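# Geometric and topological summary
Here's the letter readout for the chains.
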Amino acid sequence: MQGGGGESGLRGQALEDYVLDKVKHFAVVFAQELVPGITQQQLDLAFSRALYSISAQETSGHAQLQLKFNHSCRFLGCVSQDCMLCKNNPHKTCGSGDNFDEAYADNQVLRARCEADVYVDLINHVSGDICSAAGVEVQLSVIDGDAYNDAAPDPLTTVMELHASDDGVPLLQCYGPNRALHAGTVVVPLQGGRAKLPEAFITDKNDTFHFGGGATTGHFRLLALAMRRDELGNPVPVEGVAPAVSNAFVVKTQRALNDYRKSAYPHYRDELTRLRYIGAITATRLKDARAWLGRDVPLECVDSVQSLKQLLEYVDTNRQVEDKLLALLNMRGRHRHKWDFLRAVLAGKVVYDDNAFRVWYAPDSNGCGLLYATKQAQVRHSLADAWGGACGGCVWSGGLWLV
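A brief look at the structure comes next. (Residues numbered from 1 in each chain as written. Predicted model: local features only at pLDDT ≥ 70, side-chain atom pairs only at ≥ 80, totals over all residues. Heavy atoms only, no water.)

## Here we look at the sheet that holds strand 11 (residues 241-242)
Quick reminder of the rule: A pair of strands is treated as paired once DSSP finds two or more bridges between them. Secondary structure counts use DSSP, requiring at least four H or I residues in a row for a helix and at least two E residues in a row for a strand, with both numbered from the N terminus.
Taken in spatial order, the 4 strands line up as 7-3-1-11 in an open sheet, and their pairing is mixed. Looking at the sheet topology across the chains shown, the edges are occupied by strand 7 (194-196) and strand 11. As judged from the 3 bridges shared by strand 3 (residues 119-124) and strand 7, these two strands associate in the antiparallel manner. Counted as the bridge partner of D121 is R194 from strand 7.

Encoded structure:
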């Protein structure tokens, strides 16, 4: 049975539950006619075995089925450098495989970077459709993110599920009901081929969580397995359904997270500490740039994202100053990746003021449309921020014009 997500998926699940209830009622009456004196316990066990057998047949031999993490991104800005509508929008859409943020605080609910809820879909990867399968559940657990290699022939063979620390504390938990039988796992049923992640959270930091006799890991990932209950109610893997593995992320204390999380698309007037790898001490030194880098530096004070961008453009033509700047930033040697990251952000991700109006034209509107106010290139979508009228401008995409 094919099903969609959202409300239609819920209606489909309600119909499945209704039909299953009617089938079970008929089966009980029919069995009592065939075998007078059969007990309710025997009926329930026989029905569970029959349902398990049918559900197994639905998915067995269908290697094209797979679980997949998904979310509906709440951010609207595209990542194209040529799009004048979105160039200065700091809220860019999440990448196709980035369904989780890059960092969380311990005990923080796991959501996408844009704060959207995350789902697990049962997908036919040939057609791309969401498929429903009766009795299938999704079991979630945490794995060692550094040990996972999606390029390996069987990437999960060397990966360890991290259920509990050496002290016995379950690593993955959730607020609300949880059908899991094992600590450190969260189980949620598929409804219409889709399972919404409950308010799941991780209880420990990746660099302090110890497993396997004291080992730690640099990253966590979330693993989703398709399971069903056998006749005794125990979860067993569903054959022919590939698991889903999330992108890697780290877990820190809330205080450390505040220091770690910096602007992916900084505003040109932001303070230097809004940039990753720039701390308060480094920012203070850069305010007296000539004292550290030499009198020939054209900027006496570097105290904003824009001024640091200008400084990097200057050092591109002066390698001696670049060496001094690398020493000042502590980005030489094994820290060179920080320099490369900083250069990439300043070269292509700095955003500037953009409060220009946008106009949306309906097809065949004869020049009539809605004029929207914006804030930092983000359209205000409420009707209170829209005015009817006609306006000229340059069309960029999908009926939205920049004026």
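From this point, the discussion proceeds with the structure in view.
## Concerning the pairing of strand 1 (residues 65-70)
Stated formally: Burial classification: accessible surface area is computed with a 1.4 Å probe over protein chains only, and a residue below 20% of its type maximum counts as buried, one above 50% as exposed, and the rest as partly exposed.
Side chains L65, L67 and F69 project from strand 1 onto a buried face, and the interleaved Q66, K68 and N70 project onto a face without burial. Where strand 1 lies against strand 3, 6 bridges are found, and the strand directions are antiparallel. Counterpart to N70 in the pairing with strand 3 is Y119. Sheet topology note: the strand 1/strand 11 ladder contains 2 bridges and is parallel. Opposite L65, over in strand 11, you have V241 as the bridge partner.

## Comments concerning the side chain of E137
Heads up, the rule is: Between N or O atoms, a polar contact is any pair within 3.5 Å; within protein, one atom must be a potential hydrogen donor and the other a potential acceptor, and residues adjacent in sequence are included only when both atoms are from side chains. The contact criterion used throughout is that any non-hydrogen atoms of two residues lie within 4.5 Å.
Tracing the backbone shows E137 in strand 4 (residues 136-144). Accessibility expressed as a relative area gives 5% for E137, which makes it buried. Within polar-contact distance, the side chain of E137 engages the side chain of R229 at 2.9 Å. When sequence neighbours within four positions are dropped, the list of residues in contact with E137 reads R179, V187, V188, P189, L190, L225, A226, M227 and R229.

## What to know about the side chain of T282
Looking at the element boundaries, T282 is found in helix 4 (residues 280-286). The contact partners of T282, leaving out residues within four places of it in the chain, are L328 and L329.

## Overview of the packing of helix 6 (residues 305-315) against helix 7 (residues 319-329)
Rules: Between N-to-C directions, angles cover 0 to 180 degrees, with each direction set by a line fitted to C-alpha atoms, over the stretch in contact for helices. Roughly parallel covers angles under 35 degrees, roughly antiparallel covers those over 145, roughly perpendicular covers 65 to 115, and oblique covers all other angles. Put simply, Ala, Val, Leu, Ile, Met, Phe, Trp, Tyr, Cys and Pro go in the nonpolar bin, Asp, Glu, Lys and Arg in the charged bin, and everything else, Gly too, in the polar bin.
At their nearest, the axes of helix 6 and helix 7 sit 8 Å apart, and the two run at 135 degrees to each other. As judged from the angle between their axes, helix 6 and helix 7 are oblique. Contact residues: helix 6 offers L311, L312, Y314 and V315, while helix 7 offers R319, V321, E322 and L325. Class assignment of the residues belonging to the contact of helix 6 with helix 7 gives a composition of 6 nonpolar, no polar and 2 charged.

## Things to note about the packing of helix 6 against helix 8 (residues 336-348)
Keep this limit in mind: Each crossing gets its handedness from the near helix: less than a right angle anticlockwise from the far helix is left-handed, clockwise is right-handed.
One way to put it is that helix 6 packs onto helix 8 with a least axis distance of 10 Å and a crossing angle of 115 degrees. Accordingly, the angle class assigned to the pair helix 6 and helix 8 is roughly perpendicular. Of the two possible hands of crossing, helix 6 and helix 8 adopt the one that is left-handed. Listed contacts from helix 8 to V305, L308, K309, L312 and V315 of helix 6 are W339, L342, R343, L346 and A347. Grouping the constituent residues of the contact of helix 6 with helix 8 by class yields 8 nonpolar, no polar and 2 charged.

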